[in-house]
Amino acid sequence: MLPNISAPVFPLPDGISTKYVDSTSPPHEYFESRRDSVLNYLKTLLMKTHSHASFLQHRSYKPYYTLESNQNSSFYSLTVSTFNTLASSLSGEHPNLGNFSRIDRKTLEFSSFRGILLLYEILQSDSDIICLQEVDTYSNWFQNVLKWAGYDSQFQPKVPSPCEKYTGRSDGLVLAWRIIPRMEQQQLQHQQKYILCPISVDSVQRLKYSGERSQVAFVTGFEFVHETDRIQSKHGFILCGTHLKSEKSENGERIRQVQAKELILAARKLRKFVEQNYSVELLGEFIIGDMNARPNSFGGYAPLVYEAFLTDGFYTCAYEPLPVMESEAESGLFTSHKFRETNGREVETKTWIDYIFYRIQDECAVYSILELIESVPNGLPCVNYPSDHILLAANFKLTPRR
């Protein structure tokens, strides 16, 4: 019989509503102020367990690409992020703390510390689109706070989920989109603000060869809509968010390769459908998430997933160039770094397996990327960072052709 452990409930302040209310401020200013209020509140909660906030990491966006096109032309600014949040069922609520060998129970405790730090990291990235993986505390934690900060979201659980063994809960994917995207006025035609309007956000792809653990993906179209008059801009983009099979072997890589190609095909089908039925010019196509696949040969098998995105889908990674190393521990670049107890010995894993892919044939360019975290002596998660993966985020400039 499976356990039945309730998910933690986020302590919203008294009198706070997660619904949009009429305001004398423009909608984008209203939601920006809400986000700032949420961040301040999260910081206050974290201060209750730590007397100072020096443990809070501030990661800046660094310039990546200089626009070569006419600087006076209009373009959309869009920031997308992906983050494997490390399920509570597989860490702090796991009987062996997820076998993490260099971290204490207090730091992994979700409701009083790690869950709050996760929200802080997500919101300070200032993303317009967020894809979260390994979420097993959605309805009472992430959903409410994201709504309070100005995001709509959807959750798709894995069925079955490895988390069920320990808490009875399922982990899964969250796709969140900011109702008012963060955009600099001078960059937009007529200096207008835009709303992200999902075209088919409930399009869930259940990937093949998932075995006992059912991998899923959101395959979604979005359109930019004018904030004030709600007139459709006829410009949009396609975004897929996923978490591929985790088995680190040649067989696992081949399964992930099939899943990657399936995602590429799903994005193409949705693109064709949107263009034919909505008359929307799609300016970008993104596939993001925890791919559980390295960009280099390692462990005796080739990087089939990475090659599939580059050669089959004509995608590239926002964080290029990626590390190529003989040993995972040799590179200073990583998206996941941890120490775990395995068969009575400690094993270090330091690797790049999370990605923001974008289609190079589209009218979009990477403008800036969120800086990476420097190596942590005892790995992740730690008191300074809430997951064993780091959040990746990239700001894109999408230029209409017409």
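Rules of the game
Along each chain, the written sequence defines residue order, and numbers are assigned to residues from 1. Totals for whole chains, interfaces and linings use every residue, but because this is a predicted model, local features are given only for residues with pLDDT of at least 70 and side-chain atom pairs only at 80 or more, for both listing and counting. No hydrogens and no water enter the side-chain calculation; it runs on all heavy atoms of the structure. Secondary structure follows DSSP: runs of H or I at least 4 residues long count as helices, runs of E at least 2 residues long count as strands, and numbering of each begins at the N terminus. The classification of residues rests on relative accessible area computed with a 1.4 Å probe and restricted to protein chains. Under 20% of the type maximum is buried, over 50% is exposed, and intermediate values are partly exposed. Residue contacts follow a heavy-atom distance rule, with two residues in contact if any of their heavy atoms lie within 4.5 Å. Salt-bridge detection follows one rule: a side-chain nitrogen of Lys or Arg within 4 Å of a carboxyl oxygen of Asp or Glu. When the centres of two rings from Phe, Tyr and Trp lie within 6.5 Å, Trp using its six-membered ring, the rings pair. Their planes under 30 degrees apart give stacked, over 60 give edge-to-face, and anything left gives tilted.

Caption draft 1: Seen up close, the overall build of the protein. Scanning the protein from terminus to terminus reveals 7 helices and 16 strands. Burial statistics for the protein: of 402 residues in total, 58% are counted as buried. Across the protein, contacts joining residues at least 24 apart in sequence account for 75% of those joining residues at least 6 apart.

Caption draft 2: A look at the pattern of salt bridges. Tallying each qualifying case throughout the model produces 17 salt bridges. With a closest N to O distance of 3.2 Å, R178 and D128 form a salt bridge. Of the two residues, R178 sits in strand β5 (residues 172-178) while D128 sits in the loop between α3 (110-124) and β3 (129-135), which places them 50 residues apart along the sequence. Per residue, the accessibility class of R178 equals that of D128, and both read buried. Its salt-bridge partner being K338, residue D388 comes within 2.9 Å of it at the nearest N-O pair. Pair noted here: D388 is in the loop between β15 (364-370) and β16 (392-398) and K338 is in strand β12 (residues 336-342), with a separation of 50 residues, a long-range link. Accessibility classification places D388 together with K338 in one group, the buried group.

Caption draft 3: Broad picture of the packing of aromatic side chains. Taken as a whole, this structure holds 21 aromatic pairs when the rule is applied. Aromatic side chains F10 and Y41 sit 6.1 Å apart centroid to centroid with 70° between the ring planes, which places their arrangement in the edge-to-face category. Of this pair, F10 sits in the segment before α1 (27-47) while Y41 is found in helix α1, placing the two residues 31 residues apart along the sequence. When sorted by exposure, F10 lands in the same class as Y41, which is buried. Between Y76 and F224 the ring centres are 4.1 Å apart and the planes differ by 10°, which places this aromatic pair in the stacked class. In this pair, Y76 is assigned in strand β2 (residues 76-84) and F224 in strand β8 (residues 216-226), connecting sequence segments 148 residues apart. Per residue, the accessibility class of Y76 equals that of F224, and both read buried. Aromatic rings pair up to connect Y76, W177, F222, F224, F237, F286, Y358 and F396 into one cluster.

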